[in-house]
Amino acid sequence: MPAFAEHLDYLTSSSREAGSNEIKPSWFDDWTSYRASSGDASPIGSGENTPWVSVLDMFCAPQNTEWQHPVTRSILRQANNVPVNIVLTYPISKLDRDRVLELSKLLASSHTSEAISTEVAEIVGLNDIELAGALVQSRMLISQQLAEHLHSQHKPGVEVKPKESCSISLASEDARLRVEDTLRANAARPLFTVTAGDRQETLPHVYTSSSSTGGGSILSQFGTKYALPVGTARHDYEDYLEVVIPPAKPVPPRYSERIISIHELDELGYSQLNRVQSIVYRTAYQSNANMLVCDQHRRHIGPGSPVASIDRDSFKIIYVAPMKALASEITHKLGKRLGWLGIKVRELTGDMQLTKTEIAETQIIVTTPEKWDVVTRKPAGEGELGSRLKLLIIDEIHLLNEDRGAVIETIVARTLRQAEFSQSVIRIVGLSATLPNYVDVADFLSVSRHTGLFYFDSSFRPIPLEQHFIGIRGKPGSVQSKRNLDRVTFEKVSELVKQGHQVMVFVHARRETVNTAFTLKEAAQAEGVLADFSCEDNAHWNIYRRSIGESRNKEMKQLFDYGFGIHHAGMLRSDRNLMEALFRARAIKVLCCTATLAWGVNLPAHAVIIKGTQVYDSAKGAFVDLSVLDVLQVFGRAGRPGLETSGEGYICTTEDKLTHYLEAVTSQNAIESKFLSGMVDALNAEISLGTVTNVRDAIRWLSYTYLFVRMQRNPFQYGMKRELVADTAAFVERQRELVRSAAKELAKLKMIEFSFQDDAEAFTIKDVGRIAAKYYIRYQSIAAWQNYFKPSMSEADVLRMLSFSTEFNQIQVRESELKELENLMKNIPCEVYIRVKGKSMCYCKPIYLDIRYKILPWSPTLPISRKWAGATTVLAGMSKAVEKRMWPYDEPMKQFPLKRDIIYGLGNSSGECHPYELASMTAAELGETLPSVTVRLLSDKWLGADNERFVPLSTLFMPASPNPHTRRLDVGFLPLSSFRLPALEKLYSDQSDSLNAIQTQIFWSIVNTMVNVLVAAPVGSGKSSLVHMAIWSTLLRSRMSVWALIVTPTSTVAISTLSELRSRSPTVDVRVEYAKENISFSLPRGKVIRVVTAAVLLDAIWGKRLKLESYPHLVVCEALEQLDDTYELAVSLLRRATQHSSTRYIGLSRSLNDPTDLASWLGVKPANLHSFLPGDREQPLTCSVQTYTIPLSDALFKTLAKPAYAAMGLGAYMTSAIIVVPSRGHCQTVAQELITQHSLNSLTETGFLPQSASAISVESRLAAELQDFTLVNFASRGVGIIHKGIPKAARQLILDLFVEGSIRVLIVSREACRSLPVKASAVIVLGTQYVQIRHSSERHLKDYTLQEVVEMQSRAVQQSEPGHFSLFCPIEDGEMFNKFLNEDGLPLESQLLETELLRKWYKEQMAEGAVRNKQDAVVALSFTFLARRVVSNPAYYDLEHGHLDEVLSRIADRLDHS
């Protein structure tokens, strides 16, 4: 009977609402004339073989049991002991007549189907649970049939006459007679036979597929569970049980539905709305009604063009998101979409606070339930937001069923009451995934069921989702269970990959992503299916492989080759972005990730697998079940619109949790209230706000909660009998009991006062309650602290009190922490009670934040209210200490960003001065106040090699501030004719015809006087040239035989000076001599300039007496910045020998920090001391100091190659460069790296070789002198290498090529740089440390001296062009080099006490009788530079400050006893 089936489908489907109302006559023909075949000869459930004439025969014989409902028939046969020979649809246990009567009354009662379902199940028995569902589903029909049957048995005289025939005539007269008979029979029946029951309400905006297509869960609007969706399959395997729920079939559009087009919208820029948006549009956009939208995929509407002005100061919109991470995402999304309207969106959470100005400027605030609860508890400040609230949006409102649900109930109840009291319109919109008892939630939100309630089941998913629920067998947490979980996960992943799908595997720990990925890879390898996971066939796989090769994540690189990826919040942002991009590009087939990916990133896949449902909750300190919210969020990643046509979601849990997740995800568990757990705190908050003042107010307040709704629906859940719900007075009394219980708890803790006023039970808030409400303190914490608040408390008492806070209750002791806690108990500096059994006070960021922002800020107010001064002081100190993250007894200056050594000094100072007193002191007073300092020496390599030195400041004498440097004057340059000596002018005719600025400034002192002079000036200032002119002038003007002595620290300086003087001596009658081994102090014949090194000079005058007539007329001391023990002792002995003569002394030096004592040593008066700054040179020289942190190694020079190449600047502004490296071993490394850098940055292949030079020519010139072909090859690329290991002839040839310009880069070792005779426009010093080898095996790392670096710097000073000097040094030395090289000049101290030279000379003098006593020793020492420095800076020489004679006497004693 196809027409009959078609008619049934028409009557039971929603399609008739969308189509026409046409009724086909053929349908009725089948209903009245169809003759059943032998297989369908009886009604469903009947065991009789009596055929029926038509379908209407079922309702023609009331005395016959064939008209009865199959369930009624089954019950009556059991009750009457009728043998059951047929196969019943609902086999049941035996029921007696009394239980049938009780069942009939229950089914006919006015209670809802949900309310009676439990009792019906108890009557029929738990073995017949399916029958109970069938009874409730057809309760009205069955109850009527049972009642009539029982009624007929009680009145045997009343008979129901059977109809003789079941033939029905459709003629009009026959129909009239049948109606009359029916009316007559009905008139004879009693008016009421049973109590009428409530029918399930039909709601207009509830869209489900269960009634028509068999999809979705079969349940009521109140959450009553009937059955899983039709088509659900259950598969039982050895290792697991699997339940597969097929995708829900789409619900056909109703006749009233239509898509809203752009023409019906305001000009907001939308093209059209989708189906769900079109359905809710009229209510959402064209009314102010409260709404509840239950949809698994809630969709947003995008912005358009602004067409209307908005009064932005007249409203506030609050969007309550379930968590902070989601709040941030929503803030960004809404801000982007509504920015065109000038709407500002900001986040207000525990991490993001807003100022008063920001709140005023913001129209939409995204927050969390807890934060909004805190805000609305405050009458002022942030609490003023509530007064301008126009729209409250609560996302994920199904969280009512979780622990945080009490907070949501609190804020909704507060908002509803505010709207009622203020008579203002505050719209509430609830958003949720599919809810089972959506009507209850709608009633809670004051949503009209007919206009504001919108329910869309899973059939509205844009992509159908097949759900797999897998229960892993084995004891939870056991090895076998984990092994089964891994095996099942691999089976599902492997199967999906074989089908060509991508899979996301969600785990619950960062490390587990890596472990799972490798486990899957190893399993695939063991099964021989690893090739199925490979993505090498991807067109861009090689490109992606190179990209992933740049990552530092080793596991990520290892897994990529096999088609696996990982993703979690602990990875670098760049690595996460790369993983997301690779998955989108299908370059990865399996991505193992955490829930971070599900919440924050829109990255879809065909299938998602949740591996395990145990998640560690740091707040509780234990593993908890994965929330349904997270499961739904993960399942939402399966089959995203536009990318997949289908989706699959798998959740693998333990077998005992299978039913829980099956019911929760398929929305078969009613959402219950959790308000009772938070009612005490919520009541305290309302009392504090003043909205609840007595028990009557509290009862009314409860009526706004979800608890109130559910207590009526499911009283058993909340400890109530069903009869109490029907009895209004009893129900109110139950609410009164709840309120009184909570109020008594608060009163016991003295948070409120609970009393009787005006015949009412009144509430009065107290200080503790007000503070707890303001700072969101739980009443359990107040209870825990009551016994520990005392008038006098120490910091230990405060810590003990805090340890009993409820915030710590859920922290579990880990086994690894026990030993640490035991050590803490032994070593903690104060008495603290640690409860090791079960709980610990481990540091945890959420706990710290609770203490910092919630607990301690208010704690001082409690003892203040009790007038406890001592406790107030301690608690206030602890509150500030936590805020500042320092102990109350710590140094107060620690609150400020001072250096650690300063804080350490202040904290360990034994003085009584406070910082404000120190700040008011002068430098001298401050120096007297600080008694001592401790210098700590730490080895960066060796343990146990540290040392400390106690330096008492009371006896410390600090050097005086250096005298200011000589200011370089801007004067006109003197001509050479100023010498008034034509021979001298002719001698220097090849140079400029005038002096430079510094030469002009010091000309008078050096040339026109015979006084001693000291000139400290930078390289290139012309000081040496002027002094040489002065030597020539002195000798040429003299009419007698005289001689001048030039003393140099090294032979290199001596040779350079000798070369300069001899180039000019042939034109005048003056000899220039160089004494290599011995110097004669005899009076020469004629005029002589003698150049000598300090060592040769010392040998010449050691223990000898010089004759007065043999003294030199002029002594020039060159390069005094290189003053060492030999140089100092030689000049000191010469100064002592010539003390009674007219010998003139001229000292030359690089710029010095303080040359005052050096001038005093040479007998120079202050007026003749010329000390210039390092920058006062004639030629421009730019100096830069760059630092590094890499230790001395080849890796360092490879790293420095690129910045060194940039510093050379060849071709741009530099023509040549000298690179100084620590040793010869580094020369070739640096050369190769520089050539590589040049090849990368230029188009030439000849390296640094200029275009005018020939590589073949350079090779041919060097081949004869150099045996090392590598060095020849470098030279042919324009890079020369100089070190002591290269033959002298080859070095000279390389220098010649450098001077010619064929070699433009010269790499020189540190030791060879000292005697380097060439300069360059750029000098780069790569590193300031070198390795010194002692005793053929010991290696010591030593630093360049400042003098060495200055000498290297001088190689960049040229007369013809600007120079550039770059220094690369360790980061700890950067400041020092910059200070002394570029700012102040070099420091200079005596080295006589650092070597044995002075002791050796002193011993010989004592032996020869030249020094007979201490007085003679003091007199001899007084001619040294040391004698000046020990007075100025005695601490440097480990001496106490005193007069010169006292200090020198101590030195003599030291020499005597050495």
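Residues numbered from 1 in each chain as written. Predicted model: local features only at pLDDT ≥ 70, side-chain atom pairs only at ≥ 80, totals over all residues. Heavy atoms only, no water.

### Structural notes on the overall build of the protein
Worth spelling out the cut-off: Going along the chain from the N terminus, every DSSP run of H or I of four or more residues is numbered as a helix, and every run of E of two or more is numbered as a strand. Burial classes: relative accessible area under 20% of the type maximum marks a residue as buried, over 50% as exposed, and values in between as partly exposed (1.4 Å probe, protein chains only). The criterion used for residue contact is that any of the two residues' heavy atoms lie within 4.5 Å.
Looking only at helices and strands, one finds 57 helices and 39 strands in the protein. Counting over 1458 residues, the protein shows a buried share of 48%. Here the contacts in the protein between residues at least 6 apart in sequence split such that 70% fall between residues at least 24 apart.

### A word on the sheet that holds strand β31 (residues 1169-1171)
Paired through their backbone hydrogen bonds, the strands of a sheet run either parallel or antiparallel. What counts here: For two strands to count as paired, DSSP must find a minimum of two bridges between them. Structural elements are reduced to axes, namely lines fitted to C-alpha atoms, with helices fitted over the stretch in contact, and the angle between N-to-C directions of any two is expressed from 0 to 180 degrees.
Strand order across the open sheet formed by seven strands is β27-β28-β26-β29-β30-β25-β31, with parallel pairing between neighbours. The open sheet has two edge strands, β27 (1071-1075) and β31, and neither has a second partner. With strand direction ignored, the average angle separating the axes of adjacent strands in the sheet is 15°. Where strand β26 (residues 1043-1048) and strand β28 (residues 1088-1093) come together, six bridges link them in parallel fashion. Considered in β28, the bridge of Ala1044 is made with Ile1089.

### Structural notes on the side chain of Glu1348
Looking at the element boundaries, Glu1348 is found in helix α52 (residues 1346-1354). Relative accessible area serves as the criterion here: at 15%, Glu1348 is assigned to the buried category. Every residue in contact with Glu1348, bar those within four places of it in the chain, is listed here: Arg1310 and Arg1314.

### Here's the deal with the packing of aromatic side chains
Note the cut-off: For Phe, Tyr and Trp, rings pair up if their centres lie within 6.5 Å, where Trp contributes its six-membered ring, and each pair is then called stacked (planes under 30 degrees apart), edge-to-face (over 60) or tilted (otherwise). Comment: the charge-over-ring label is applied if NZ (Lys) or CZ (Arg) is within 6 Å of the ring centre and within 35 degrees of the ring normal.
Here the structure, examined in full by the defined rule, presents 14 aromatic pairs. Judged by centre distance (5.6 Å) and plane angle (55°), the ring pair of Phe708 and Phe731 falls under tilted. A residue pair is termed long-range when its members are at least 10 positions apart, and Phe708 in helix α26 (residues 706-713) and Phe731 in helix α28 (residues 728-748) qualify at 23 residues. According to the relative accessible area criterion, Phe731 is buried, its value standing at 6%. Over the face of the ring belonging to Tyr1145 we find Arg1135, whose NZ or CZ atom lies 5.1 Å from the ring centre. In this structure, Arg1310 packs its charged tip against the face of Tyr1330, placed 3.7 Å from the ring centre.

### Describing the sheet that holds strand β14 (residues 503-506)
Strand order across the open sheet formed by eight strands is β4-β5-β13-β20-β17-β14-β16-β15, with mixed pairing between neighbours. Edge positions in the sheet fall to β4 (233-236) and β15 (564-567), since each has one partner strand and no second. Mean inter-strand twist for the sheet, computed between neighbouring axes without regard to direction, equals 15°. Strand direction decides the pairing type here: β4 and strand β5 (residues 240-245), joined by four bridges, are antiparallel. Residue pairing in the sheet places Ala233 in a bridge with Val244 of β5. Helix α17 (residues 510-527) contacts β14, β15, β16 (590-593) and β17 (607-611) of the sheet and is inclined by roughly 170° relative to β15. Sheet strands touched by helix α22 (residues 628-635): β13 (465-472), β14, β17 and β20 (647-654). Its angle to β17, the strand with the most contacts, is close to 150°.

### Observations concerning the pairing of strand β35 (residues 1305-1309)
Of all five residues that make up β35, five are buried, and the element is covered over most of its length. With burial as the criterion, each face of β35 is covered, one bearing Val1305, Ile1307 and Ser1309 and the other bearing Leu1306 and Val1308. With five bridges joining them, strand β33 (residues 1217-1221) and β35 adopt parallel strand pairing. In the strand pairing of β35, Ile1218 is matched with Leu1306. In the sheet, strand β34 (residues 1279-1282) pairs with β35 via four bridges, with the strands oriented parallel.

### Quick notes on helix α10 (residues 275-286)
Test applied: To estimate how far a helix should extend, the number of its residues minus one is multiplied by 1.5 Å.
Its 12 residues place the ends of α10 17 Å apart at the C-alpha level, agreeing with the 16 Å of an ideal helix rising 1.5 Å per residue. Here α10 has its buried residues at Val276, Gln277, Ser278, Ile279, Val280, Tyr281 and Thr283. Buried residues in α10 make contact with β1 (206-207), β6 (291-294), β11 (427-432) and β12 (453-456).

### Focus: a nonpolar patch on the surface
Condition: Each patch groups residues whose relative accessible area exceeds 30% and which form no salt bridge, using 9 Å between like charges and 5 Å between nonpolar side chains of Val, Leu, Ile, Met, Phe, Trp and Tyr. Computed by Shrake-Rupley with a 1.4 Å probe, the accessible areas treat only the displayed protein chains as cover when residues are assessed. By convention in these notes, a salt bridge is any Lys or Arg side-chain nitrogen within 4 Å of a carboxyl oxygen on Asp or Glu.
On the surface, Phe896, Leu898 and Ile902 cluster together into a nonpolar patch covering about 260 Å² of accessible area. Assignment of secondary structure puts Ile902 in helix α36 (residues 900-907).

### Focus on the side chain of Arg1144
Keep this limit in mind: In this count, Lys and Arg are taken as positive residues and Asp and Glu as negative ones, while His and the chain termini are left out. Here a polar contact means two N or O atoms within 3.5 Å. Within protein one must be a hydrogen donor candidate and the other an acceptor candidate, and residues neighboring in sequence count only if both atoms are side-chain atoms.
Relative to the helices and strands, Arg1144 resides in strand β30 (residues 1144-1149). Here Arg1144 is buried and forms no salt bridge, its nearest opposite-charge partner Glu1118 lying at an N-O distance of 14 Å. Among the polar contacts made by the side chain of Arg1144, one reaches the main-chain carbonyl oxygen of Ser1005 at a distance of 2.7 Å. At 3.0 Å, the side chain of Arg1144 forms a polar contact with the backbone oxygen of Ile1006. Among residues more than four places away in sequence, those in contact with Arg1144 are Ser1005, Ile1006, Thr1009, Met1010, Val1011, Asn1012, Val1013, His1113, Leu1114 and Val1115.

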